[in-house]
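# Summary of structural features
Single-letter residue listing:
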Amino acid sequence: MPELPEVEVVRLGLAPAVTTATVASVTIFDSRSLRRHDGPAEDFVDRLVGRTMLAPQRRGKFLWIPLSPVPPSPSPPLSPPPLSLAASHGIRPVTTTEIQEFRDSATVFPGQSLSDADGVPEFPEGKRGGGPDTAVPVEALTVHLGMSGQVLLRDRSVDDARTRIRIDIVHPALGLRRLNFVDQRIFGSMALDVLVSPVNGSGPTIPSRVAHIARDPLDEFFDDRAFLTKLAAKRTTIKRAILDQTLISGIGNIYADEALWAARIHYNQPTATLGRARGLRLLREVRAVLVRALGEGGTSFDTQYLNVNGQSGYFARSLNAYGQQGKPCPRCGQPIVRESFMNRGSHLCTFCQRIR
DNA sequence: CTTTCGCCCTGAGTGC
DNA sequence: TGCACTCAGGGCGAAA
């Protein structure tokens, strides 16, 4: 189940391969994976082909790849990647002819003029129209992995089962690569979205569909005090609150249970009576578990979560509560129990974690 | 406005 | 062996 650490592992894996790469062709195998795209599948393909990708970004469980403001015109020179670079990545060098054939196989549309696009917000500080050197991206390819989504980075011509969307790219150094968006249950999605200024006005731009999501606890601009204040004002229980992505993002069922266990807090503890000290303790444990999981490459129970190279993470062996029902609590030895809550499982030690 | 509910979706697992 | 059924849960629109 991809939560913040798993999505960050994917982002880190994608970064070197997609940054500065140009989209050569896009194939939609299942348009349900474009449910959150504002337009038909053809629109998604037409607007994406020919664009150059910039460094991938993340907030919570959302991942996005900003796109160069306008499709490069004319196309960048067709120079094969340096042999040494390609070889060091285990990639067969490609020829100029192959790259041209690859591009010709896709229908490249000129892309919309920015000034014609409806609903594209004005950028602050007048950065738009300042020439190629000062242009800022206004659009991004937004990705959410849902429950079973994967972005697999493959060599050319490699297919994966249950691929819903295939994006073939040309990287100036790495050559032809393929992004397979694989998603068994189709809870995830890809979409093209406009980038807007964040709600509080500071920091980099963010896709409009992600703008309502709160900053995640690993975000340098996350405001601990404001979070604790909002938490105290809630009329709900603590696990509901930390799963609420508009309050704090990136936490899913696994890391919610793990952080609550570490902080010795019961999932049904009312937020109004949690108190600031225990709220801060929980926030610290949330950060600790997210960072530890990130260091282990995320949590994989099966092949539902894999990094961009199709490899599992190792944090599952470090879980103290989630999925540990029947096993002794690592702290007190009492059995971990699984209770149904919010139509999902909550795993806890009823001895260590009590409502106070 | 805030909070909760129900739907989306597939394949592995379970019981008869 | 076969088949119906249950379960997993993030996000989002609708309902309360």
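Summarised in this report is the structure supplied together with it.

Definitions and cut-offs
- Residues numbered from 1 in each chain as written.
- Chains lettered and ligands numbered in written order.
- Predicted model: local features only at pLDDT ≥ 70, side-chain atom pairs only at ≥ 80, totals over all residues.
- Heavy atoms only, no water.
- Near = heavy atom within 4 Å.
- Polar contact = N/O pair within 3.5 Å; in protein donor to acceptor, adjacent residues only side chain to side chain.
- Nonpolar A, V, L, I, M, F, W, Y, C, P; charged D, E, K, R; others polar.
- Core = buried A, V, L, I, M, F, W, Y, C linked by side-chain atoms within 4.5 Å.
- Buried < 20%, exposed > 50% of the residue type's maximum accessible area, 1.4 Å probe, protein only.
- Helix = DSSP H or I, 4+ residues; strand = E, 2+ residues; numbered from the N terminus.
- Contact = heavy atoms within 4.5 Å.
- Pairing = 2+ DSSP bridges.
- Axes fitted to C-alpha atoms, helices over the stretch in contact; angles between N-to-C directions.
- 1 Å grid on protein atoms, 1.4 Å probe; cavity = no way out; pocket = protein on both sides within 12 Å on 5 of 7 lines; lining within 4 Å.
- Points joined across faces, edges and corners; volume = space filled by probe spheres on them.
- Phe/Tyr/Trp six-rings, centres within 6.5 Å; stacked < 30°, edge-to-face > 60°.
- Lys NZ or Arg CZ within 6 Å of the ring centre and 35° of its normal.

Right, let's talk about the protein's contact with DNA strand C for a bit. If you check the shell around DNA strand C, you find 16 residues, and the closest are His144, Met147, Phe187, Tyr322 and Arg338. In DNA strand C, atoms within 4 Å of the protein come 61% from sugar and phosphate. In this structure, histidine 144 approaches DNA strand C through a side-chain N or O atom, which is 2.4 Å from a phosphate oxygen.

Once that is clear, we can look at the protein's contact with DNA strand B. In the vicinity of DNA strand B, the contacting residues are Arg32, Arg35, Arg162, Gln184, Arg185, Ile186, Phe187, Lys234, Arg235, Thr236 and Arg240. Counting only the atoms of DNA strand B within 4 Å of the protein, the fraction contributed by sugar and phosphate is 72%. With respect to DNA strand B, the side chain of arginine 32 contributes an N or O atom lying 2.9 Å from a phosphate oxygen. Here the residues of the surface near DNA strand B are counted per class, giving 2 nonpolar, 2 polar and 7 charged.

What follows concerns the nonpolar core. Val26, Phe44, Leu48, Met53, Leu141, Ile167 and Met190 are the most contacted members of the largest nonpolar core, which totals 33 residues. Among the elements that line this core, the one with the most residues is helix α1 (residues 4-18), at 6 residues. Excluding residues that lie within four positions of it along the chain, methionine 190 makes contacts with Ser33, Leu34, His37, Phe44, Leu141, Thr142, Val143, Ile165, Ile167 and Phe181.

A few words now on the sheet that holds strand β5 (residues 149-155). The strand order across the open sheet built from 4 strands is β1-β6-β7-β5, with neighbouring strands paired in antiparallel fashion. Each having just a single partner strand, β1 (22-28) and β5 make up the two edges of the open sheet. Averaged over all adjacent pairs, the angle separating strand axes in this sheet is 20 degrees, with direction ignored. Bridge analysis of β1 against strand β6 (residues 163-171) gives 6 bridges, and the strand direction is antiparallel. Considered in β6, the bridge of isoleucine 28 is made with isoleucine 165. Helix α2 (residues 41-48) rests against β1 and β6 of the sheet, and its axis sits at about 165 degrees to β1.

Let's shift gears to the layout of surface pockets. The computed volume of the largest pocket comes to approximately 810 Å³. Together, 33 residues line the largest pocket, and Lys61, His144, Gly146, Met147 and Arg344 are the ones closest to its centre. Contributing elements (two or more residues each) for the lining of the largest pocket: β4 (139-144), β8 (189-196), α7 (253-263) and β11 (344-348). Top contributing element to the lining of the largest pocket by residue count: β8, with 4 residues. Considered class by class, the residues forming the lining of the largest pocket number 14 nonpolar, 11 polar and 8 charged.

Moving on, we come to the packing of aromatic side chains. Inspection of the entire model under this criterion finds 3 aromatic pairs. Consider the rings of phenylalanine 222 and phenylalanine 227, whose centres lie 5.7 Å apart with planes at 50 degrees: the pair is tilted. Judged by centre distance (4.6 Å) and plane angle (50 degrees), the rings of tyrosine 267 and phenylalanine 341 are tilted. Of this pair, tyrosine 267 sits in the loop between α7 and α8 (276-295) while phenylalanine 341 sits in strand β10 (residues 337-341), and the two are 74 residues apart along the sequence. Phenylalanine 341 carries the same exposure label as tyrosine 267, and that label is buried. Lying across the ring of phenylalanine 187, arginine 185 places its NZ or CZ 5.6 Å from the centre. Over the ring of tryptophan 261 we find arginine 331; its NZ or CZ atom is 4.0 Å from the centre of that ring.

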